[in-house]
Amino acid sequence: MKEKKALKSPLVSFIITSYVIFLVLFMIIGISMVLGASESMTSMLQIISAWSSTFAFVFLFKKIYPGVRLRDFVKGQFAERISFSVLGTAVIIQIIIIAVTIFLLSIDTQNLSLSFTSVGLLIIAFLDNLVRGPLGEELGWRGYALNELQKKYSPLKSALIVGVLWGFWHTPLWFASGYTGLDLIKYIVLFMIGIISFSIIVTLFYNLNKNLMVPIIIHQLFNFSLVLIQGDLLDILVYVMLSYFVVSMILIVINPKEVLYKKGTYTAFDFHK
């Protein structure tokens with residue numbers, strides 16, 4: 001069988017393909033809603049759209065890594081043993097952020113409450129968030145894009161690039177948020193501050209423990225913190241996103257094990273051989 005030729009600009013191709021697939025699927029969701037599709041159908045389409053970056057990566061894989069099996073690549077992402085000290089530290093930081101958010105919102109909001117009234121609903125929502133984001137996004141954005149960028153740039157610069165690209169990949173969601181005018185601008189600004197800050201945090205912990213499960217779990221807690229609390233999303237975003245920003249700045253200054261500035265060090269999955 002003839003081996004497929006490698007792409008000249010694989011990362012650019014991945015980004016463009018991810019954007020296009022997500023936009024097309026988002027338009028399909030909009031059309032299905034106009035045509036009166038059932039809630040379950042719409043929900044399924046939303047979940048599928050969240051996997052756009054994975055679809056893009058799988059579609060381009062043989063041209064990105066000619067001669068490499070996709071199964072081997074995916075297996076390599078989870079090969080390193082999980083460091084519970086690394087993962088535990090990241091989780092504790094996020095739990096603190098959630099606790100601080102709840103505390104600060106409780107001061108401003110008298111009727112503050114959780115979005116879920118039972119453990120069962122909480123578990124269902126947790127699993128729903130898992131398949132709508134982390135499971136579908138991390139293979140492409142961190143497993144591939146971040147690792148590729150770190151071959152050329154420092155982890156910090158790579159994190160900023162991925163954060164911006166990943167953030168703008170969500171653009172269609174901004175205009176489906178229901179916000180307009182100044183509220184929409186506030187929503188976008190807070191969203192980008194939070195997602196870029198998150199990208200720095202997840203890059204640091206991922207580089208400390210090169211197992212894709214680390215960013216998946218951190219990403220899950222990031223997403224879930226936004227739906228855990230019942231209230232105005234903009235108010236929640238102010239506390240959550242700015243908390244992630246503060247944490248990212250602290251980590252940049254502390255820079256554990258000098259992780260964020262060692263160019264070309266954290267690229268464990270090099271199949272270009």
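Structure: above.
Given the structure is predicted, the values throughout are model-derived calculations rather than measurements.

Some remarks on the overall build of the protein chain
Move 1: Looking only at helices and strands, one finds twelve helices and two strands in the protein chain.
Move 2: The C-alpha radius of gyration of the protein chain comes to 19 Å, within 12% of the 19 Å expected for a compact globule of 273 residues.
Move 3: With respect to the three principal axes, the spread of C-alpha positions in the protein chain is 65 × 50 × 35 Å.
Move 4: The burial tally for the protein chain puts 46% of its 273 residues in the buried class.

Observations concerning the pattern of salt bridges
Move 1: Under the defined criterion, the tally for this structure stands at four salt bridges.
Move 2: One salt bridge in this structure joins arginine 132 and aspartate 128, with 2.7 Å as the shortest N-O distance. Taken as a pair, arginine 132 and aspartate 128 lie in helix H6 (residues 119–132) at a separation of four residues, close to a single helical turn.
Move 3: Taking the shortest distance from any N to any O, the salt bridge between arginine 142 and glutamate 138 comes out at 2.8 Å. Separated by four residues within a single helix, arginine 142 and glutamate 138 lie in helix H7 (residues 134–149), roughly one turn from each other.

Concerning a nonpolar patch on the surface
Move 1: On the surface, Leu242, Phe245, Val246, Met249, Ile250, Val253 and Ile254 cluster together to form a nonpolar patch covering roughly 630 Å² of accessible area.
Move 2: In this fold, valine 253 is placed in helix H12 (residues 233–254).

Some remarks on helix H1 (residues 10–34)
Residues spaced three or four apart along an α-helix point in a common direction, a consequence of the helix completing one turn every 3.6 residues.
Move 1: Here H1 is 25 residues long and its end C-alpha atoms lie 36 Å apart, about the 36 Å a rise of 1.5 Å per residue gives.
Move 2: Restricting attention to buried positions, one finds in H1 the residues Pro10, Leu11, Phe14, Ile15, Thr17, Ser18, Phe22, Leu25, Ile29 and Ser32.
Move 3: Elements in contact with the buried residues of H1: helix H2 (39–50), helix H3 (52–64), H7, helix H8 (155–169) and helix H9 (171–174).
Move 4: Residue glycine 36 follows H1 closely and has a positive phi angle near 80°.

As for the packing of H2 against H6
Move 1: Running from N to C, H2 and H6 cross one another at 50°; their axes reach a closest spacing of 8 Å. In terms of their interaxial angle, H2 and H6 are classed as oblique. Packed against H2, whose contacting residues are Ser43, Gln46, Ile47 and Ala50, the element H6 presents Asp128, Val131 and Arg132 at the interface.
Move 2: In terms of residue class, the contact of H2 with H6 is built from three nonpolar, two polar and two charged.

What about the nonpolar core?
Move 1: Core analysis: the biggest nonpolar cluster contains 67 residues, and Phe14, Phe57, Tyr65, Tyr144, Tyr187 and Phe205 have the highest contact counts within it.
Move 2: A per-element tally of this core places helix H10 (residues 181–208) first, with 14 residues.
Move 3: Those residues in contact with phenylalanine 14 that sit more than four places away from it in its chain are Ser53, Ala56, Phe57, Leu60, Gly140, Trp141, Tyr144 and Ala145.

Observations regarding a negative patch on the surface
Move 1: Residues Asp108, Asp183, Asp232 and Asp235 make up a contiguous surface patch of negative charge.
Move 2: Along the chain, the position of aspartate 235 falls in helix H12.
Move 3: For aspartate 235, a relative accessible area of 38% puts it in the partly exposed group.

Here's the deal with the side chain of threonine 203
Move 1: Examined against the element boundaries, threonine 203 turns out to sit in helix H10.
Move 2: With a relative accessible area of 0%, threonine 203 lands in the buried category.
Move 3: Polar contacts involving the side chain of threonine 203 include one to the main-chain carbonyl oxygen of serine 199, which spans 2.6 Å.
Move 4: Excluding residues that lie within four positions of it along the chain, threonine 203 makes contacts with Leu146, Gln150, Pro155 and Ala159.

Describing the environment of leucine 242
Move 1: With respect to the helices, strands and loops of the structure, leucine 242 is situated in helix H12.
Move 2: A relative accessible area of 35% means that leucine 242 is categorised as partly exposed.
Move 3: Between the C-alpha atom of leucine 242 and that of serine 38, which follows or precedes it by 204 residues, the distance is 37 Å.
Move 4: Apart from residues lying up to four places away in sequence, leucine 242 is in contact with Ile193 and Leu237.

Regarding the environment of glutamine 150
Move 1: Relative to the helices and strands, glutamine 150 resides in the loop between H7 and H8.
Move 2: Look at glutamine 150 and you get buried, because its relative accessible area is 0%.
Move 3: A polar contact is formed between the side chain of glutamine 150 and the side chain of asparagine 207, at a distance of 2.7 Å.

Describing the packing of aromatic side chains
Move 1: Counted by the stated rule, this structure contains 22 aromatic pairs.
Move 2: Both rings, one in tryptophan 174 and one in phenylalanine 191, keep their centres 5.8 Å apart while their planes meet at 70°; by these two values the pair is edge-to-face. Highlighted residues: tryptophan 174 in helix H9 and phenylalanine 191 in helix H10, separated in sequence by 17 residues. The two residues tryptophan 174 and phenylalanine 191 agree in class, both being buried.
Move 3: Summarising the aromatic geometry, the rings of tyrosine 179 and tyrosine 187 are spaced 5.4 Å apart at their centres and angled 35° between planes, so their arrangement reads as tilted.
Move 4: Of the residues examined, tyrosine 179 reaches a relative accessible area of 18% and is grouped as buried.
Move 5: Taking relative accessible area as the criterion, tyrosine 187 reaches 9% and is therefore assigned buried.
Move 6: One aromatic cluster is present, built from ring pairs that chain together Phe14, Phe22, Phe26, Phe57, Phe61, Tyr65, Phe73, Trp141, Tyr144 and Trp169.
Move 7: Just above the ring of tryptophan 166 sits the side chain of arginine 142; from NZ or CZ to the centre is 4.4 Å.

The rules behind the values
Residues numbered from 1 in each chain as written. Predicted model: local features only at pLDDT ≥ 70, side-chain atom pairs only at ≥ 80, totals over all residues. Heavy atoms only, no water. Helix = DSSP H or I, 4+ residues; strand = E, 2+ residues; numbered from the N terminus. Rg over C-alpha atoms; globule rule 2.2 N^0.38 Å. Buried < 20%, exposed > 50% of the residue type's maximum accessible area, 1.4 Å probe, protein only. Salt bridge = Lys/Arg side-chain N within 4 Å of Asp/Glu carboxyl O. Patch = residues over 30% accessible without salt bridge, like charges linked within 9 Å, V, L, I, M, F, W, Y side chains within 5 Å. Areas by Shrake-Rupley, 256 points an atom, 1.4 Å probe, with all protein chains shown as cover. Expected span 1.5 Å × (residues − 1). Contact = heavy atoms within 4.5 Å. Axes fitted to C-alpha atoms, helices over the stretch in contact; angles between N-to-C directions. Parallel < 35°, antiparallel > 145°, perpendicular 65-115°, else oblique. Nonpolar A, V, L, I, M, F, W, Y, C, P; charged D, E, K, R; others polar. Core = buried A, V, L, I, M, F, W, Y, C linked by side-chain atoms within 4.5 Å. Lys, Arg positive; Asp, Glu negative; His and termini not counted. Charge placed at Lys NZ, Arg CZ, Asp CG, Glu CD. Polar contact = N/O pair within 3.5 Å; in protein donor to acceptor, adjacent residues only side chain to side chain. Phe/Tyr/Trp six-rings, centres within 6.5 Å; stacked < 30°, edge-to-face > 60°. Lys NZ or Arg CZ within 6 Å of the ring centre and 35° of its normal.

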